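Structural overview
Chain residues, written in single-letter form:
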Amino acid sequence: MLRDDINNAVKDAMRAKDERKLSTLRMVNSTIKNADIEARGQSKPPLSDGDLLSLLQKMIKQRQESVELYDKGNRAELADQEREEIAIISAYLPKQMSEDDVKAAIATEIAEVGAAGIKDMGKVIAALKAKYAGQMDFGKASGLVKAALTA
């Protein structure tokens, strides 16, 4: 479904002659196809929507790192270009959860999984990824889970 949305947006961008959006979405499609080829080489099925959301988040994170570097190097035009790409890619992600919502979800999953200590952190993160793919930053969530399990 997410693939169809992106492909339809490519067509719309072509009709609208929106070069920035078109190039960004073509790059997203290329990244998805490369990931599908890699998965096929490992005898795995094509990426699911959850996997695609993770891939999009990774692309956004890469661009955010580039923005920081461009800002430090006084390359405003390149930083702006990366920010535009972030905005375009972000449109295909579900709304991000607030920090309070993330903490509530973590507390719920800890209770559901029956996590007793830090050794159960992997179970909690796996449950969070299954339910909230694309809705939270799992790098930050990992720290919050660790803090909750060690408290």
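Let me begin by describing the structure that accompanies this report. Please read all numbers here as calculations on a predicted model, not as lab measurements. (Residues numbered from 1 in each chain as written. Predicted model: local features only at pLDDT ≥ 70, side-chain atom pairs only at ≥ 80, totals over all residues. Heavy atoms only, no water.)

1. What about the overall build of the protein chain?
Rules: For the purposes of this entry, the term helix denotes a DSSP run of H or I that reaches at least four residues, the term strand denotes a run of E that reaches at least two, and both are numbered from the N terminus. Residue burial is assigned from relative accessible area. The probe radius is 1.4 Å, only protein chains are included, and a residue is buried under 20% of its type maximum, exposed over 50%, and partly exposed in between. Contact criterion: two residues are considered in contact whenever any of their non-hydrogen atoms come within 4.5 Å of each other. Note on areas: Shrake-Rupley with a 1.4 Å probe; residue coverage comes only from the protein chains shown. Charged-residue counts in this description rest on Lys and Arg as positive and Asp and Glu as negative, His and the chain ends being excluded. To locate a charge, take NZ of a lysine, CZ of an arginine, CG of an aspartate or CD of a glutamate.
Within the protein chain, the secondary structure is distributed over 7 helices and 0 strands. What you see in the protein chain, going N to C, is helices and strands ordered as α-α-α-α-α-α-α. Dimensions of the protein chain, computed from the C-alpha atoms along their principal axes, are close to 55 × 40 × 25 Å. Residues classed as buried in the protein chain amount to 34% of the 151 residues present. Intrachain contacts of the protein chain at a sequence separation of at least 6 include 60% that bridge at least 24 residues. If you sum the accessible surface of the protein chain, you get close to 9300 Å²; carbon and sulfur atoms cover 52% of it. Across the protein chain, 24 positive and 24 negative side-chain charges occur, with their mean positions spaced 4 Å apart.

2. A closer look at unusual backbone geometry
One can expect most non-glycine residues to show negative phi and most peptide bonds to be in trans. Of note in this structure, Lys 17 is not a glycine but carries a positive phi near 55°. By secondary structure assignment, the location of Lys 17 is in the loop between helix 1 (2-16) and helix 2 (19-41). Looking at Lys 17, the relative accessible area reads 66%, which means it is exposed. Positive phi outside glycine occurs at Asn 74, with the angle close to 55°. The residue Asn 74 is located in the loop between helix 3 (49-72) and helix 4 (76-90) in this model.

3. Description of the packing of helix 5 (residues 99-113) against helix 7 (residues 138-150)
Spelled out, the test is: To get an axis, fit a line to the C-alpha atoms, keeping to the stretch in contact for a helix; angles then go from 0 to 180 degrees between the N-to-C directions. An angle below 35 degrees is read as roughly parallel, one above 145 as roughly antiparallel, one from 65 to 115 as roughly perpendicular, and any other as oblique. By definition, any crossing whose near helix is turned counterclockwise from its far helix by less than a right angle is left-handed, and any crossing with a clockwise turn is right-handed. Gly counts as polar in this scheme, as do all residues outside two lists: the nonpolar Ala, Val, Leu, Ile, Met, Phe, Trp, Tyr, Cys and Pro, and the charged Asp, Glu, Lys and Arg.
Packing of helix 5 against helix 7 brings their axes to within 10 Å, and their N-to-C directions diverge by 50°. Comparing the axis directions of helix 5 and helix 7 gives the class oblique. Where helix 5 crosses over helix 7, the two elements pack in a sense that is right-handed. Listed contacts from helix 7 to Glu 99, Val 102, Lys 103, Ile 106 and Ile 110 of helix 5 are Ala 141, Leu 144, Val 145, Ala 148 and Leu 149. Tallied by class, the residues present in the contact of helix 5 with helix 7 amount to 8 nonpolar, no polar and 2 charged.

4. A few points about the packing of aromatic side chains
Here is the rule we go by: Two rings from Phe, Tyr or Trp (for Trp, the six-membered ring) form a pair when their centres sit within 6.5 Å of each other. Planes less than 30 degrees apart are called stacked, planes more than 60 degrees apart edge-to-face, and all others tilted. Charge-over-ring placement is defined geometrically: NZ (Lys) or CZ (Arg) within 6 Å of the ring centre, and within 35 degrees of the ring normal.
Tallied over the entire structure, the rule returns 0 aromatic pairs. Of note, Lys 129 hangs over the ring of Phe 138, and the distance from its end group to the ring centre comes to 5.8 Å.

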